[in-house]
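Spelled out, the chains give:
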Amino acid sequence: MAGHPFLPSEGFHPVCTTELGYMAGLQSEFAKRNCKIIGLSVDPASSHSKWAADIEETQGHKVNYPMIGDPELKVAKLYDMLPADAGTTSEGRTAANNATVRTVFLIGPDKKIKLMLIYPMSTGRNFDEVLRALDSIQLTAKHQVATPVNWKPGQDVIIVPSVSDEDAKKKYPNGWKAPKPYLRIVPQPK
């Protein structure tokens, strides 16, 4: 889920314009992973077509994923994207009082949040990292492994501690590297 602020005195937020365009460009990568993109805007849905045109013009990608309009801030508050005292509507919000919706969620098929990243208003979100995290979440859910720091698809992974050595020998008959007994490193399962 992506979001952007409502800034009536400034128009659409420039950082979010770049982000939503980049996400549109990555849409096929998320689809390959059976993941759908949904955008959340605290603007009314009626303003999205103008913004979508701006995004396509400036970012080179057409937004083809759903954008939820949340001008009453119900979704943003339900998922703790805005503080409770943020008011009850996007009407009249300005850059001075806008705690913008800058949260990214990965929600699993079980409808539970698997990842939540919160960015400041001035910092563009890293959707390559979101895609990398999605790869890790899907891999680790399927294979009882964990991914180490800065892991990228195809790199070695770690056998989780809940898998006994006996069970690991069955799963990984070629063995593993173990610089420490609790750190069992194997090639990424296919």
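What this report covers is the structure whose coordinates are included nearby. Remember, it's a predicted structure, so these values are computed and weren't measured experimentally. (Residues numbered from 1 in each chain as written. Predicted model: local features only at pLDDT ≥ 70, side-chain atom pairs only at ≥ 80, totals over all residues. Heavy atoms only, no water.)

**With respect to the pairing of strand β5 (residues 113-118)**
As paired elements, strand β4 (residues 103-107) and β5 share five bridges and run antiparallel to each other. For Ile107, the partnering residue across the bridge sits in β5 and is Ile113. (Pairing = 2+ DSSP bridges. Helix = DSSP H or I, 4+ residues; strand = E, 2+ residues; numbered from the N terminus.)

**Considerations on helix α1 (residues 14-32)**
Spanning 19 residues, α1 covers 28 Å between terminal C-alpha atoms, matching the ideal 27 Å at 1.5 Å per step. Along α1, the helix axis deviates most sharply at Leu26, where the bend reaches about 50°. Asn34 sits one or two residues past α1 and shows a positive phi near 60°. (Expected span 1.5 Å × (residues − 1). Bend = angle between axes of the 7 residues up to and from the residue.)

**What to know about the pattern of salt bridges**
Inspection of the entire model under this criterion finds twelve salt bridges. For Arg125, the salt bridge goes to Glu19, with nearest N and O atoms at 2.6 Å. In this pair, Arg125 is assigned in the loop between β5 and α4 (127-143) and Glu19 in helix α1, connecting sequence segments 106 residues apart. We note that Arg125, like Glu19, is buried. Its salt-bridge partner being Asp167, residue Lys170 comes within 3.8 Å of it at the nearest N-O pair. Taken together, the residues Lys170 and Asp167, both in helix α5 (residues 165-171) and three residues apart, mark about one turn of the helix. A relative accessible area of 38% places Asp167 in the partly exposed class. (Salt bridge = Lys/Arg side-chain N within 4 Å of Asp/Glu carboxyl O. Buried < 20%, exposed > 50% of the residue type's maximum accessible area, 1.4 Å probe, protein only.)

**Some words on the sheet that holds strand β6 (residues 145-146)**
The strand order across the open sheet built from four strands is β6-β7-β9-β8, with neighbouring strands paired in antiparallel fashion. The sheet terminates laterally at β6 and β8 (177-180), the two strands that pair on one side only. Of the pairings in the sheet, the one linking strand β7 (residues 157-159) to strand β9 (residues 183-186) comprises two bridges and is antiparallel in character. Bridge pairing in β9 places Ile158 opposite Ile185.

**Overview of unusual backbone geometry**
Not every positive phi belongs to a glycine, and Leu73 is a case in point at roughly 65°. Its place among the elements puts Leu73 in the loop between β3 (67-69) and α3 (74-78). Since its relative accessible area comes to 0%, Leu73 is described here as buried.

**A few points about α4**
Note that an α-helix has 3.6 residues per turn; residues three or four places apart therefore point the same way. For α4, spanning 17 residues, the distance from its first C-alpha to its last is 24 Å, which sits close to the expected 24 Å at 1.5 Å a residue. Taken together, the buried positions of α4 are occupied by Phe127, Val130, Leu131, Ala133, Leu134, Asp135, Ser136, Leu139 and His143. Capping the start of α4 is the job of one residue whose side-chain oxygen sits 3.1 Å from the backbone nitrogen of Asp128: Asn126. Just downstream of α4, Gln144 is the residue with a positive phi angle, here 55°. (Polar contact = N/O pair within 3.5 Å; in protein donor to acceptor, adjacent residues only side chain to side chain.)

**Overview of the packing of α1 against helix α2 (residues 48-59)**
Between α1 and α2, the least distance of the axes is 9 Å, while the angle of their chain directions is 75°. When the interaxial angle is binned, α1 and α2 end up roughly perpendicular. Here Cys16, Thr17, Thr18, Leu20 and Gly21 of α1 come into contact with α2, specifically with Trp51, Ile55, Thr58 and Gln59. Residues of the contact of α1 with α2, tallied by class, amount to four nonpolar, five polar and no charged. (Axes fitted to C-alpha atoms, helices over the stretch in contact; angles between N-to-C directions. Parallel < 35°, antiparallel > 145°, perpendicular 65-115°, else oblique. Contact = heavy atoms within 4.5 Å. Nonpolar A, V, L, I, M, F, W, Y, C, P; charged D, E, K, R; others polar.)

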